[in-house]
Amino acid sequence: MTPELMIKACTFYTGHLVKTHFCTWRDIAIPLTNEDDILAEKMEKAMKYDNFRLQKHIFRLWHSFTEGQKKLLTDTLLRIKKMCHHYKLIAILIKWRDKARHKYKKREDELMLKHELQLLKWRSKLKLKVVAKEEFIFPEQSASEVFLAGEIPKCDISLLPESVISQIFAYLTLRDIVICGQVCHSWMLMTQGSSLWNSIDFSAVKNIITEKCIVSTLQRWRLNVLRLNFRGCVLRLKTLRSVSLCRNLQELNVSDCPTLTDESMRYISEGCPGVLYLNLSNTTITNRTMRILPRYFQNLQNLSLAYCRKFTDKGLRYLNLGNGCHKLIYLDLSGCTQISVQGFRNIANSCTGIMHLTINDMPTLTDNCVKALVEKCSRITSIVFTGAPHISDCAFKALSTCNLTKIRFEGNKRITDACFKSIDKNYPNISHIYMADCKRITDGSLKSLSPLKQLTVLNLANCIRIGDMGLRQFLDGPVSTRIRELNLSNCIQLSDVSIVKLSERCSNLNYLSLRNCEYVTDLGIEYIVNIFSLLSIDLSGTHISDEGLMILSRHKKLKELSLSECYKITDVGIQITDSAMEMLSAKCHYLHILDISGCILLTDQMLEDLQRGCKQLRILKMQYCRCISKEAAKRMSSIVQEQEYNPSDPPLWFGYDYEGKPLKKQHEITPLKGDEQVTVAESTHSSEEEGV
């Protein structure tokens, strides 16, 4: 050990001793601090912290209460504001209604004055015509002298062009043409035009024509006949064999012919290979005829086997023999309950080009039948399945492989809203949808239909679950501008709200049925008038009253109106007397159909007005018009094409007696018929629904 290290060790040891003893001295020498002050200080800090937490909790409770009161006050103010706005709107509407009624009454008075002036002008014109006619005939010589002098020009239709003569005689039946041919030599020559014998309808004269006459007619015009109709005719085999003489025959209808057999069909098929249309519905044909069809009718396009129950699945397999029926486009298998899934599979193998399929009254039709058919028939564009209760959404899904444009289901309780999901993607070109009496369809279906851009006809009659919300969603889509026909009969949840939406969106609507929609009132009628394209409307069973009928009378284009069972309409709403009919005759010169049944105040004068003003009247119904004489009705029957006349007293379900007085116990009378209606139509409404 060196001296330097020894010095360092001694110095460290001495310093450690000094430090230790100094700390001990310091602790003894300096007196201890008061511990009570320290504890008091700590307690003060603890109390401050506790008070802070308590204040924070109370503040939070107060803040929540304040926010709730503020929100309640805001909601209350908003409700008060809405109530004020609501009452303000009510006041405005009341003023607007009073002003509108005043203007309407003023306009009605002006319109009535205008009608009276027009009626006076019409009467004066008629008088001038009568006077001019009398002056032309009677001033110097009598009518007979004028006739003998040859001053009255003669009309000889034989001088007209052959095409015009053919068009005139085309309106006549076979019996009328034969009678016309017996008038004179020139008329006989006119009835010998070849175009008149292109189409012969023996069904219209089946009760009076003899089989000998049928055979002679077919033999004489065998080269000209293109279309033959024997529907319901009871003919012998010899007569049916004469059809084979018509080598150029294209259309043949032998439906409902009880004597048609496989043997007669063999003769017809051998002689008429060019048939395109063949109707064998409700006959007794068997598999033998089914074997004949593909062999001889290779160009067949339209085939109806409806209610033919004697052929089997095996007969349908014969359709694929030889060249087969591969050109078949339309097929009707309604009522053929004997066809199984295998039968439909045979059809799919034989007739892959089918586009239009009709299967009605088929309780045995199932989803598997449809699936088997569409496996190879992917060109189907229209289907009709009415009276097929076992068809469900699965069949509708299977049809998604086809480009459908028309579908019709009726009376089905298994189809739901699911069938319409993605319909705009699966069937973008669909134009006609008929789903009448499908109880499980709801507003969801209408929402799914709204994107369709080609839909023109929609029939949802008796779909009782459809309401205003669904129709509003439907009309919000692009479909509203294309829709032409809308049938919502017995959709009992619809109200005036739906009519408001219809008037806003459906600018091209022609036909509308709201039959038995009990929530439709006069308020909705005000908006129907704004659908300017509307031609026909059915408001039967609604709560429309006389006021609504007055509003509806402002519509300029309406041609057909049904108001049966509208019990709020009284005699004030509909007064049909001779004066009203005179007004009608003076203004409605193009009237085609007129039904005035039950109008007991009409007399013979009304018929004279109709003869003068309604030159184009075709159909006239005058049931229970006891003031119209039989002689006047007989004279009128020679002018119109069809007439119904009955001078009896009105039945009890009309609700009034022969004098027009209401029955005392009308509420106890059970209606014997479904409808009591007054219909005025300028043209028959041809709904596209009949085309499917």
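In the nomenclature of an unreviewed UniProt entry, the protein is known as Dynein regulatory complex subunit 6 isoform X3 of Ursus maritimus.

Asks: Quick rundown of the overall build of the protein? Include the residues and the values.
Replies: Of the regular secondary structure elements, the protein holds 23 helices and 19 strands. Within the protein, counting contacts between residues at least 6 apart in sequence, those at least 24 apart form 72% of the total. Accessible surface, the protein: about 40200 Å² in total, of which carbon and sulfur atoms supply 56%.

Asks: Talk me through the packing of helix H17 (residues 468-475) against helix H18 (residues 496-505); I want residue IDs and the actual numbers.
Replies: In the contact formed by H17 and H18, the axes pass within 9 Å of each other and the chain directions differ by 10°. Compared by their axis directions, H17 and H18 come out roughly parallel. Of the residues in H18, those in contact with Asp 468, Leu 471, Arg 472 and Leu 475 of H17 are Val 497, Ser 498, Lys 501, Leu 502 and Arg 505. Residues belonging to the contact of H17 with H18 are distributed by class as follows: four nonpolar, one polar and four charged.

Asks: Which residues make up helix H7 (residues 211-220), and what values do they have?
Replies: Among the residues of H7, Ile 214, Val 215, Thr 217 and Leu 218 are the ones counted as buried. Looking straight down H7, one finds its buried side chains confined to an arc of 165°; they lie on one side. Counted as exposed and oriented over 90 degrees from the buried face of H7: Lys 212 and Arg 220. Looking at the buried positions of H7, the neighbouring elements they touch are strand E1 (199-201), strand E2 (227-229) and helix H8 (237-241).

Asks: For the side chain of Ser 540, give the residues involved together with the corresponding values.
Replies: Following the sequence through the fold, Ser 540 ends up in the loop between strand E14 (536-538) and helix H20 (546-552). Judged by relative accessible area, Ser 540 falls into the buried class, the value being 1%. Apart from the residues lying within four places of it in its own chain, the contact partners of Ser 540 are Leu 514, Arg 515, Asn 516, Ser 562, Leu 563, Ser 564 and Cys 566.

Asks: Please give an account of helix H13 (residues 367-374) that cites residues and values.
Replies: Across the eight residues that make up H13, a large majority, six, are buried. All of the buried residues in H13 are Asp 367, Cys 369, Val 370, Ala 372, Leu 373 and Val 374. Next to the buried residues of H13 lie helix H12 (341-350), strand E7 (356-358), strand E8 (382-386) and helix H14 (393-398).

Asks: Before we move on, can you summarise the nonpolar core with the specific residues and values?
Replies: Grouped burial of nonpolar side chains is what soluble globular proteins tend to show. Membership of the largest hydrophobic core comes to 127 residues, with the highest contact counts inside it found for Leu 228, Phe 230 and Ile 433. Sorting elements by how many residues they give to this core places H13 first, with four residues. Contact partners of Ile 433, with chain neighbours within four places excluded, come to Ile 407, Phe 420, Ile 423, Leu 449, Leu 452, Leu 455, Val 457, Leu 458 and Asn 459. Grouped together as the second largest cluster of nonpolar side chains are 19 residues, Ile 596, Met 622, Cys 625 and Ala 632 included.

Asks: Break down the packing of aromatic side chains for me, citing the residues and quoting the values.
Replies: Scanning the model with the defined rule gives eight aromatic pairs in all. On the numbers, 5.6 Å between centres and 80° between planes, the contact of Phe 385 with Phe 409 is edge-to-face. One end of the pair, Phe 385, is in strand E8; the other, Phe 409, is in strand E9 (residues 406-410), and 24 residues separate them in sequence. One exposure class covers both Phe 385 and Phe 409, and it is buried. Aromatic pair Phe 396 and Phe 409: ring centres 6.2 Å apart, planes at 45°, arrangement tilted. In this pair, Phe 396 is assigned in helix H14 and Phe 409 in strand E9, connecting sequence segments 13 residues apart. The same class applies to Phe 396 and to Phe 409, which are both buried. A connected cluster of aromatic rings, assembled from ring pairs, spans Phe 385, Phe 396, Phe 409, Phe 420 and Tyr 427. In this arrangement the basic side chain of Arg 266 is found over the ring face of Tyr 267, its NZ or CZ atom lying 4.6 Å from the centre. Here the guanidinium or amino end of Arg 291 rests over the ring plane of Tyr 318, the centre of that ring lying 4.1 Å away.

Asks: Break down the side chain of Ser 597 for me, citing the residues and quoting the values.
Replies: Looking at the secondary structure, you find Ser 597 in the loop between strand E16 (593-595) and helix H22 (604-613). Here Gln 623 takes part through its backbone nitrogen, which lies 3.2 Å from a polar atom of the side chain of Ser 597. Aside from chain neighbours lying at most four places away, what touches Ser 597 is Lys 621, Met 622, Gln 623, Cys 625 and Phe 654.

Asks: Break down the packing of H22 against helix H23 (residues 630-637) for me, with residues and values.
Replies: Running from N to C, H22 and H23 cross one another at 15°; their axes reach a closest spacing of 9 Å. In terms of their interaxial angle, H22 and H23 are classed as roughly parallel. Our pair here, H22 against H23, has a crossing hand that is left-handed. Contacts between H22 and H23 involve Asp 604, Leu 607, Leu 610 and Gln 611 from the first element and Ala 632, Ala 633 and Met 636 from the second. Of the residues assigned to the contact of H22 with H23, the class counts are five nonpolar, one polar and one charged.

Asks: Tell me about the pattern of salt bridges, and name the residues and values.
Replies: Tallying each qualifying case throughout the model produces 16 salt bridges. The salt bridge involving Arg 408 is made with Glu 410; its shortest N-O contact spans 3.6 Å. Judged by relative accessible area, Arg 408 falls into the buried class, the value being 17%. The salt bridge involving Asp 476 is made with Lys 501; its shortest N-O contact spans 2.9 Å. Taken as a pair, Asp 476 in the loop between H17 and strand E12 (485-487) and Lys 501 in helix H18 lie far apart in primary sequence, 25 residues in all. Relative accessible area serves as the criterion here: at 18%, Lys 501 is assigned to the buried category. Through salt bridges with shared partners, a single network forms among Glu 263, Arg 266, Glu 270 and Arg 288.

Calculation criteria
- Residues numbered from 1 in each chain as written.
- Predicted model: local features only at pLDDT ≥ 70, side-chain atom pairs only at ≥ 80, totals over all residues.
- Heavy atoms only, no water.
- Helix = DSSP H or I, 4+ residues; strand = E, 2+ residues; numbered from the N terminus.
- Contact = heavy atoms within 4.5 Å.
- Areas by Shrake-Rupley, 256 points an atom, 1.4 Å probe, with all protein chains shown as cover.
- Axes fitted to C-alpha atoms, helices over the stretch in contact; angles between N-to-C directions.
- Parallel < 35°, antiparallel > 145°, perpendicular 65-115°, else oblique.
- Nonpolar A, V, L, I, M, F, W, Y, C, P; charged D, E, K, R; others polar.
- Buried < 20%, exposed > 50% of the residue type's maximum accessible area, 1.4 Å probe, protein only.
- Arc of directions from axis to C-beta.
- Core = buried A, V, L, I, M, F, W, Y, C linked by side-chain atoms within 4.5 Å.
- Phe/Tyr/Trp six-rings, centres within 6.5 Å; stacked < 30°, edge-to-face > 60°.
- Lys NZ or Arg CZ within 6 Å of the ring centre and 35° of its normal.
- Polar contact = N/O pair within 3.5 Å; in protein donor to acceptor, adjacent residues only side chain to side chain.
- Left-handed = near helix turned anticlockwise from the far one by under 90°.
- Salt bridge = Lys/Arg side-chain N within 4 Å of Asp/Glu carboxyl O.

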